[in-house]
Amino acid sequence: MKSALFLLLLLSALQCTYPQNASPQENVTMAIMVENPLPIIRTNETITLSAPFITAHFTNATLTHIQVKDLKTHTFLTTQAMDYNEDGDPEEFIFQSDFAPNEQRSFEISFFNKAAVTSTIVAAAYLPTPEGMEDFTWENDFIGYRFYGQERALKQGTRIAMDVWCKRVPEILIEKWYAPSQSYHVDTGYGADHYSSGKNQGCGGTGIFTNDSIYFSNAFYDQHIIANGPIRTVFELKFTGWTLDDDLLEIKRVTLDAGHYFNKIESTYTTDIAALGYTHAVGFVQRDDSYTRIEQDLGWLASWESLGEGKGNLGTGFIAAPDAIVKIDRINNHLVSLLQAKPQTGISYYTGAAWDQFGAIPSIEAWLHYIAQQAECIQNPCVITVKE
């Protein structure tokens, strides 16, 4: 575990470099146009090129060796190949850029004979250490999150809540948070665990809703990291042990990109929960001073709360396709979004948080604006065309 964390920190310290001897392959360069279809700014927008899109224009292309050049700034961008099924053949290729309202930007794609070495500002880690107590934690340059491990659940009574780490600096902090003889509740200059998630849902933890009640599983019992930077981290956790149905198994896939506050979460069940009359319940704990905004017709909700004297404020939020939301209601001091699971496609939604002491969200107004725009961006992805 220590060697893995050391490698993670080493990667985060590296500057983005390209091999000195790398040279483009012959006849493997093309220009693409990426258009922002919305009259809003898109910052750190992740652009996805599918493998079929690339292979339709190039032969013998190796996706892990793709380089993207911004033709406006004449700079190479950080890139990442995504092999979701881990069969050695990436299904997608991603890079990031900023877009002005309705802007069109041109990029040049080329292929090199060696992969680039690139720094990372996203990371996920499973921590079966004395300090980690089998937690699973992940973060990017803005914010961090965790699910409690089974050892912590056994010793401290935690369950399936999704916790939030407040960060003051963009670098990876996993090793610092879980350092021996240190409390991660104390801010020593790089942030801390100021958020009180509670046991059951916190910032987007889930349960099964039926008969006017929410039922929860045990803490996750299995974990698997699929991708770990430089742009995106993807992992899966497995949950079981519901008191209403021991046969239920949920596989939760979580995706977090650099420069974003929201996680994309895809939950699938091995049982058709809709046929059993169950709905998927995504909850956000509410305090006495919580301000809440619900826009069910637009597919989002937002909450804002004080973290205590000298600790600032935290915004939490949820985004989903409006037609996927059955109802948003207050249940047991939580704001709960009920989603109907589909047997073939599962459930897809977004949860996230932002701390007003660091990053791009200094106020509740900024948080509401950010969520409203993110919901629009999710529904209206950038349009990619090949330049002739």
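Let me begin by describing the structure that accompanies this report.

Along the backbone of the chain there are five helices and 26 strands. For the chain, buried positions account for 51% of its 388 residues. In the chain, of all internal contacts separated by at least 6 residues, the share reaching a separation of at least 24 is 67%. When the accessible area of the chain is evaluated, it comes to approximately 17000 Å², of which 50% is carbon and sulfur surface.

What follows is about the nonpolar core. Residues Trp138, Tyr261, Phe318 and Trp367 are the most contacted members of the largest nonpolar core, which totals 64 residues. With six residues, strand β25 (residues 347-355) is the largest single contributor of residues to this core. Sequence-distant contacts of tryptophan 367, that is, excluding residues within four places in its chain, are made with Tyr261, Phe262, Ala302, Ser303, Trp304, Gly315, Thr316, Gly317, Gly352, Ala353, Ala354 and Ile361. Counting 17 residues, the second-largest nonpolar core is a separate cluster that includes Val34, Ile47, Val68 and Phe111.

What follows is about unusual backbone geometry. At the junction of glycine 229 and proline 230, the peptide bond is cis and its omega measures out at 15° in the coordinates. Mapped onto the secondary structure, proline 230 falls in the loop between β15 (222-228) and β16 (232-240). Look at glutamate 134: it is not a glycine, yet its phi comes out positive at around 70°. Mapped onto the fold, glutamate 134 is located in the loop between β8 (123-127) and β9 (135-139). Non-glycine residue serine 181 carries a positive phi angle of around 60°. Tracing the backbone shows serine 181 in the loop between α4 (174-177) and β12 (191-192). Its relative accessible area of 86% is what places serine 181 among the exposed residues.

With respect to the helices and strands, aspartate 245 occurs in the loop between β16 and β17 (249-257). Although aspartate 245 is buried, it makes no salt bridge; arginine 159 carries the closest opposite charge, 14 Å away. One polar contact links the side chain of aspartate 245 to the main-chain amide nitrogen of aspartate 247, over a distance of 2.9 Å.

Here the focus is helix α5 (residues 364-379). Between its first and last C-alpha atoms α5 spans 23 Å; for 16 residues at 1.5 Å apiece the expected length is 22 Å, and the two agree. Along α5, the residues classified as buried are Trp367, Leu368, Tyr370, Ile371, Gln373, Gln374, Ala375 and Cys377. Among the structural elements, β2 (42-50), β18 (262-269), β20 (291-295), β21 (300-306), β22 (313-319) and β25 are those in contact with the buried residues of α5.

Our next topic: the sheet that holds β12. Strand order in the open sheet made by the five strands is β8-β9-β10-β11-β12, with antiparallel pairing throughout. With one partner strand each, in any of the chains shown, β8 and β12 form the two edges of the open sheet. In terms of strand pairing, β8 meets β9 through five bridges, oriented antiparallel. From the neighbouring strand, leucine 127 faces β9, where its bridge partner is aspartate 135.

Applying the stated criterion to the full structure yields 18 salt bridges. Between lysine 72 and glutamate 103 there is a salt bridge, with the nearest N and O atoms lying 3.4 Å from each other. One end of the pair, lysine 72, is in the loop between β3 (66-70) and β4 (75-77); the other, glutamate 103, is in the loop between β6 (92-99) and β7 (104-112), with 31 residues separating them in the sequence. Note that glutamate 295 and arginine 293 form a salt bridge whose closest N and O atoms lie 2.9 Å from each other. Each of the salt bridges in this network shares a partner with another, and the network as a whole consists of Asp135, Arg146, Arg152, Asp163 and Asp193.

What counts, and at which threshold
- Residues numbered from 1 in each chain as written.
- Predicted model: local features only at pLDDT ≥ 70, side-chain atom pairs only at ≥ 80, totals over all residues.
- Heavy atoms only, no water.
- Helix = DSSP H or I, 4+ residues; strand = E, 2+ residues; numbered from the N terminus.
- Buried < 20%, exposed > 50% of the residue type's maximum accessible area, 1.4 Å probe, protein only.
- Contact = heavy atoms within 4.5 Å.
- Areas by Shrake-Rupley, 256 points an atom, 1.4 Å probe, with all protein chains shown as cover.
- Core = buried A, V, L, I, M, F, W, Y, C linked by side-chain atoms within 4.5 Å.
- Lys, Arg positive; Asp, Glu negative; His and termini not counted.
- Salt bridge = Lys/Arg side-chain N within 4 Å of Asp/Glu carboxyl O.
- Polar contact = N/O pair within 3.5 Å; in protein donor to acceptor, adjacent residues only side chain to side chain.
- Expected span 1.5 Å × (residues − 1).
- Pairing = 2+ DSSP bridges.

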